[in-house]
Amino acid sequence: MMMSSSWNLPQFLEELKDLLNQVKDSDILELSWEKDEHGFKFRRKKGGVFQPQIKEIKSEAEKESIQPSFKVQSPVVGIFHFPDKKPEIGSLILEGKELGSITSINVVYPIEIEKSGRLAEIHAVEGEPVDFGKLLFTLEF
Amino acid sequence: MFRKILIANRGEIAVRVIRACKQIGIPTAAIFSEADQNSLHVKLADQAICIGPPPSIKSYLNVHNIISAALISGADAIHPGYGFLSENPQFAEICGSHHLTFIGPSPEAMSQLGDKAKAREIAHKAGVPIIPGTPVVENIEQALKEAKKIEFPVIIKAAAGGGGKGMRVCFSLKELEKNLPLAQGEAEAAFGDSRVYLEKYLIHPRHIEVQILGDQFGNVIALGERECSLQRKHQKVMEESPSAVINPSTREKIQKMAVRMAQAVHYSGAGTVEFLMEPNGNFYMIEVNARIQVEHPVTEIVTGIDLVIEQISAASGEKLIYKQDQVVIQGHAIECRINAEDSRTFAPSAGTIEKLHWAGGPGIRVDSHLRAGDMIPPFYDSMIGKLIAYGRNRQEALNRLTAALDETEIAGVKTNLAFQRELTRLPAVQKAEIHVTFIEELLKEK
């Protein structure tokens, strides 16, 4: 069976179903398929059911479109500090909220959030030096 | 000595400084823009800090981020390389106020040398000849009187400007009479200021520069001269040391002038005093470059002195370890700047270097930051590297250079290799019959 050359999730799932139907009565115990950064592996369980082990079915761009996120990066070189109350993962952060600050040659640069969202990841570490462009937080909408 | 040096630069000079630091056991911190994150200097340094987006103004000229990077890296000194902030006295002063040693001369020396009028005044006081000039000339009577004093030919220059605007060459009184009102009009149009002055016009001068090294105790030595007459649009194309036309007594004379100039401003570190030399052997100082220069390797090769290490050493407060009579010039070295630019149109060519093979063998040195697969970003200069050949004499150096240029292969971007190959083979270059407008005149003939 031929897989389509351009990546399209619904079409891929259709083709996958078709592929499984074709091989279900065969003696194949394991089937793997890879193309670019996408791929999967199936292994037949006792009782004849394929167990999918999907390596990666989404490109970064697709991941973004499924779960829109917003990355907060350092605008300067300096030392990162959290506010008195460190933000918690999962908390709702409203636009304009200060999530931390960067001290750069005695000047404090507040890290304010441009878009409201839920705090998904904290990459910054208290008191650590940060480069320009260093990833500090990831928020999801 | 320093605890750690931050290199406030990129490209081949950043790599050159890191190599010197490794040699003397000083850890390094590199800075880089987002366009340079995979650069060689980032890989070679002990630490690397991103300081901004690709445009220089936001990264390599971003004083705030550079100082902050130095502070968080724990560096106690900053090497500015050449270009960018290397001759900026304010930057040197800011470094000082943050207890960071600027590896270069003092901000005061830099300010004095950076101001052309001030530098001329210092030279004059130090007995260093400068190109004869006149005060502002108001009218034709005054211009004629002043021109007679400095002798024809003269060039009319705009008091407020530069870049060739309002400049006219006059070979006679008649030409001066005709050109003065025209030059005043051009100066008014270009700078909103019609004031002009006259300067002696030199025909086919050579560019001769003297390398100096100073310490903080007032000691200054000269490390011979370099001839950089092969230039295009004031950009040096090929440089050599020693000059083929400077004999030992002339060398001694210009070295003394260069040392006097440096001592007049209490110069410390590496610097270059640039002169124009007329065909009759007269010298005139044009400016002092208060930094390490691109062409420094030719001096290093013929003197055996590592200028970057000496620069670091002087900045750390050490005394010069060489006395003037210990500087011995041996053999001959010639450098070609290999740039990513079209050999015919000289248009810069950014892109990915797909293939890169540098020549090697006896007497060949290559200073480069690029590897096959590396990018030449469009944001900075187009230098790929410097190919330097050494020989026991000029001819041997030239022969090695010609062969090395032929052997070097670069693909993926356009280069000036073909132009350099042609240039080294020209009879005039072979015989060192060159001057500052040689290349421009050669290109006009084509």
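Worth saying up front: this structure is predicted, and the values here are computed from it rather than measured. (Residues numbered from 1 in each chain as written. Chains lettered and ligands numbered in written order. Predicted model: local features only at pLDDT ≥ 70, side-chain atom pairs only at ≥ 80, totals over all residues. Heavy atoms only, no water.)

Caption draft 1: Examining the pattern of salt bridges more closely. Residues and elements named next belong to chain B. Across all of its chains, the model carries 30 salt bridges over all chains by this definition. Close ionic contact of E300 with R16 constitutes a salt bridge, the shortest N to O distance being 2.7 Å. Within this pair, whereas E300 is found in helix α10 (residues 296-303), its partner R16 is found in helix α1 (residues 11-24), the two being separated by 284 residues in sequence. We note that E300, like R16, is buried. A salt bridge links E209 to R226, with the nearest nitrogen and oxygen atoms 2.7 Å apart. Placement of E209 in strand β10 (residues 206-214) and of R226 in strand β11 (residues 220-232) is noted, with a sequence separation of 17 residues between them. For R226, a relative accessible area of 0% translates into the label buried. Several salt bridges share partner residues, and in doing so they unite E209, R226, K236, E239, E274, E295 and R337 into one network. (Salt bridge = Lys/Arg side-chain N within 4 Å of Asp/Glu carboxyl O. Helix = DSSP H or I, 4+ residues; strand = E, 2+ residues; numbered from the N terminus. Buried < 20%, exposed > 50% of the residue type's maximum accessible area, 1.4 Å probe, protein only.)

Caption draft 2: Structural view of the interface of chain A and chain B. Contacts between the two partners involve 13 residues from chain A, matched on the other side by 16 residues from chain B. Approximately 1,000 Å² of surface area, both sides summed, lies buried where chain A meets chain B, with 66% of it carried by carbon and sulfur atoms. Together, A:V77, A:I105 and A:F132 form the three largest contributors to the area buried by chain A at its contact with chain B, with a combined 62%. Run the count over chain A and chain B and you get zero salt bridges. Contributions of two or more residues to the side of chain A that touches chain B are made by β5 (78-81), β8 (107-112) and β10 (129-130) of chain A. Each residue belonging to the side of chain A that touches chain B can be placed in one class, and the counts come to 10 nonpolar, two polar and one charged. (Contact = heavy atoms within 4.5 Å. Buried area = accessible area lost by both parts, 1.4 Å probe. Nonpolar A, V, L, I, M, F, W, Y, C, P; charged D, E, K, R; others polar.)

Caption draft 3: Main features of the sheet that holds strand β9 (residues 196-200) of chain B. Residues and elements named next belong to chain B. Across the sheet, four strands lie side by side as β6-β9-β7-β8; this open sheet has antiparallel pairing. The open sheet terminates on both sides in strands that have one partner only, identified here as β6 (133-137) and β8 (168-170). For this sheet, the mean angle separating the axes of adjacent strands, direction not counted, is 25°. Where strand β7 (residues 154-158) and β8 come together, three bridges link them in antiparallel fashion. Each residue of the ladder has a partner; that of V154, found in β8, is C170. In the packing of helix α7 (residues 140-150) onto the sheet, the strands contacted are β6, β7 and β9, and the crossing angle to β6 comes to about 175°. (Pairing = 2+ DSSP bridges. Axes fitted to C-alpha atoms, helices over the stretch in contact; angles between N-to-C directions.)

Caption draft 4: Representation of the environment of B:Y390 in the model. Residues and elements named next belong to chain B. Tracing the backbone through its elements, the reader meets Y390 in strand β20 (residues 383-391). For Y390 and P362, which are 28 residues apart along the polypeptide, the C-alpha to C-alpha distance reads 8.2 Å. Residues within four places of Y390 in sequence aside, it is in contact with I301, V302, Q330, G331, H332, A333, G363, A397 and R400. At 3.5 Å, the side chain of Y390 forms a polar contact with the backbone oxygen of Q330. (Polar contact = N/O pair within 3.5 Å; in protein donor to acceptor, adjacent residues only side chain to side chain.)

Caption draft 5: Expanded view of the nonpolar core. Residue and element names in this part refer to chain B. The biggest cluster of nonpolar side chains holds 55 residues, and the ones touching the most others in it are L6, I66, I78, M261, F275 and M285. Here this core gets six residues from one element, more than from any other, and that element is helix α9 (residues 248-264). Setting aside chain neighbours within four positions, we find M261 in contact with L113, A119, I122, A123, V128, V273, M285 and V288. Counting 35 residues, the second-largest nonpolar core is a separate cluster that includes L356, W358, I410 and L442. (Core = buried A, V, L, I, M, F, W, Y, C linked by side-chain atoms within 4.5 Å.)

Caption draft 6: Quick look at the environment of B:N282. Mapped onto the fold, B:N282 is located in the loop between β13 (269-277) and β14 (283-289). If sequence neighbours within four positions are ignored, B:N282 has contacts with B:L276 and B:M277.

Caption draft 7: Inspection of helix α13 (residues 417-425) of chain B at higher detail. If you check which residues of α13(B) are buried, you get B:L417, B:F419, B:Q420, B:L423 and B:T424. In a view along the axis of α13(B), the buried residues occupy a sector of 155°, so they form one face of it. (Arc of directions from axis to C-beta.)

Caption draft 8: Highlighting helix α8 (residues 173-191) of chain B. Residue and element names in this part refer to chain B. Relative to the 27 Å expected for 19 residues at 1.5 Å per residue, α8 spans 26 Å between its end C-alpha atoms, a close match to the ideal helical length. The largest bend along α8 measures about 35° and falls at N179, with the proline P181 one to four residues further on. For α8, the set of buried residues is L176, N179, L180, A183, Q184 and A187. The inward-facing, buried residues of α8 abut β6, α7, β7, β8 and β9. (Expected span 1.5 Å × (residues − 1). Bend = angle between axes of the 7 residues up to and from the residue.)

Caption draft 9: Region of the structure containing the domain arrangement of chain B. Residue and element names in this part refer to chain B. Per the domain assignment, the segments making up chain B are domain 1 (5-103), domain 2 (132-200) and domain 3 (206-445). One C-alpha centre belongs to domain 1, the other to domain 3; they are set 23 Å apart. Opposite the 36 residues of domain 1 that make contact, domain 3 presents 28 residues. Interface of domain 1 and domain 3: buried area, both sides summed, is about 2,300 Å²; carbon and sulfur atoms make up 60% of it. The three residues of domain 1 that bury the most area against domain 3 are E12, R16 and Y82, which together make up 26% of that side's buried surface. (Domains from an automatic or database assignment.)

Caption draft 10: Up close: the confidence of the model for chain B. Per-residue pLDDT for chain B averages 95, and the proportion of residues at 70 or more is 99%. Predicted complex metrics record ipTM = 0.74 and pTM = 0.83. (pLDDT = per-residue confidence, 0-100.)

Caption draft 11: Expanded view of unusual backbone geometry. All names here are of chain B. The linkage connecting F152 with the following residue, P153, adopts the cis geometry, with an omega of -5°. One can find P153 in the loop between α7 and β7. Between S241 and the following residue, P242, the backbone shows a cis peptide bond with an omega angle of -5°. Backbone geometry places E151, a non-glycine residue, at a positive phi of 70°. Tracing the sequence through the fold places E151 in the loop between α7 and β7. The phi torsion at H266 lies on the positive side, around 50°, for a residue other than glycine. Here H266 shows up in the loop between α9 and β13.

Caption draft 12: Summary view of the side chain of B:E274. All names here are of chain B. Relative to the assigned elements, E274 resides in strand β13. Judged by its relative accessible area of 5%, E274 is buried. In this structure the side chain of E274 is engaged in a polar contact, spanning 2.9 Å, whose partner is the side chain of K236.

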